[in-house]
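Coordinates in review
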Amino acid sequence: MDTAIYPGSFDPITYGHLNIIERALSIFSRVVVLVAVNPQKSYLFSPGEKVEMIRETTREWPRVEVDHSEGLLVEYARRRQIHIAVRGLRAVTDFEGEFAMALTNRTLWQEMDTVFLMTRADYMYLSSSVVRQVAQLGGDISSFVPPAVEGRLRAKFGHA
Ligand code: ADP
């Protein structure tokens, strides 16, 4: 058993992400959840806030480590000598981007490989962006994110 990195935006972490982490823990001995920065995206939460939310919601899993990185995933992975990235796949629409990213990462570092886990069916349409939209409009997000994240979203959007 090896260590794997689960990189992503996690803006914010959802039950979909948590399901991938839990399943990755049954395959790998350690999972490093890495808050990564995509310079082409703008985010609601800061890296520090995201790390805090992930720590709060994965507290029961001692084999999970949470970190953040401003740079390339492969640079982080190479520095720590972790060869495997885990990504989740929801629908065919995820496939092309994930495929390109996995191949690019392997071009940048030949020892890097990506393992894909299929979403749980009931999380198929769950994404951080849907959660942000529903939260902004004051909707009920309790089936999408844990209570700690729900509270942070309410505070962000000024809902009591
Ligand atoms: P990124 O901006 O890197 O895509 P995300 O936080 O949106 O970051 O997603 C991180 C990873 O988690 C991606 O591989 C994404 O496909 C996966 N993921 C997101 N939501 C779900 C879900 N509901 N079920 C399974 N995987 C998911």
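Let me sum up the structure you'll find in this document. Computed from a predicted model, the values in this text were never measured in an experiment.

A few words on a nonpolar patch on the surface. On the surface, a nonpolar cluster with roughly 430 Å² of combined accessible area is contributed by Val92, Phe95, Phe99 and Leu103. Mapped onto the secondary structure, Phe99 falls in helix 4 (residues 92-108). Taking relative accessible area as the criterion, Phe99 reaches 47% and is therefore assigned partly exposed.

It is worth spelling out the packing of aromatic side chains at this point. Summed over the entire model, instances satisfying the criterion amount to two aromatic pairs. Centre to centre, the rings of Tyr6 and Phe10 are 5.1 Å apart; their planes meet at 80°, and the pair counts as edge-to-face. Over the face of the ring belonging to Tyr43 we find Lys50, whose NZ or CZ atom lies 3.6 Å from the ring centre.

With that settled, the discussion passes to the pattern of salt bridges. If you walk through the whole model with that rule in mind, you get twelve salt bridges. In this structure, Asp113 and Arg106 form a salt bridge, with 3.2 Å as the shortest nitrogen-oxygen distance. With a relative accessible area of 39%, Asp113 lands in the partly exposed category. Between Arg120 and Asp122 there is a salt bridge whose closest N-O contact spans 2.8 Å. On the accessibility criterion, Arg120 (38% relative accessible area) is partly exposed. For Asp122, a relative accessible area of 53% corresponds to the exposed category. Because the salt bridges share partners, they merge into one network encompassing Arg30, Glu65 and Arg80.

Here we take up the nonpolar core. Counting 30 residues, the largest nonpolar core has Ile13, Ile21, Val86 and Leu153 as the members making the most contacts within it. Per-element accounting of this core gives the leading share, five residues, to helix 1 (residues 15-25). Residue contacts for Ile21: discarding those within four places in its chain leaves Tyr6, Ile13, Val33, Thr58, Trp61 and Val64. Of all hydrophobic cores here, the second largest spans eleven residues; its members include Ile5, Val74, Ala77 and Met112.

As a structural note, the neighbourhood of the ligand is formed by 17 residues, with Tyr6, Ser9, Lys41, Gly88 and Thr119 the closest of them. The separation between an oxygen atom of the ligand and a polar main-chain atom of Gly88 is 2.7 Å. In this structure, Leu126 approaches the ligand through a main-chain N or O atom, which is 2.9 Å from a nitrogen atom. Coverage of the ligand by the protein amounts to 89% of the 560 Å² it exposes when considered alone. If you list the elements that add at least two residues to the shell around the ligand, you get strand 1 (3-8), helix 1, strand 4 (84-89) and helix 4. Residue composition of the shell around the ligand, grouped by class: six nonpolar, six polar and five charged.

Scoring rules and cut-offs
- Residues numbered from 1 in each chain as written.
- Predicted model: local features only at pLDDT ≥ 70, side-chain atom pairs only at ≥ 80, totals over all residues.
- Heavy atoms only, no water.
- Patch = residues over 30% accessible without salt bridge, like charges linked within 9 Å, V, L, I, M, F, W, Y side chains within 5 Å.
- Areas by Shrake-Rupley, 256 points an atom, 1.4 Å probe, with all protein chains shown as cover.
- Salt bridge = Lys/Arg side-chain N within 4 Å of Asp/Glu carboxyl O.
- Helix = DSSP H or I, 4+ residues; strand = E, 2+ residues; numbered from the N terminus.
- Buried < 20%, exposed > 50% of the residue type's maximum accessible area, 1.4 Å probe, protein only.
- Phe/Tyr/Trp six-rings, centres within 6.5 Å; stacked < 30°, edge-to-face > 60°.
- Lys NZ or Arg CZ within 6 Å of the ring centre and 35° of its normal.
- Core = buried A, V, L, I, M, F, W, Y, C linked by side-chain atoms within 4.5 Å.
- Contact = heavy atoms within 4.5 Å.
- Near = heavy atom within 4 Å.
- Polar contact = N/O pair within 3.5 Å; in protein donor to acceptor, adjacent residues only side chain to side chain.
- Nonpolar A, V, L, I, M, F, W, Y, C, P; charged D, E, K, R; others polar.

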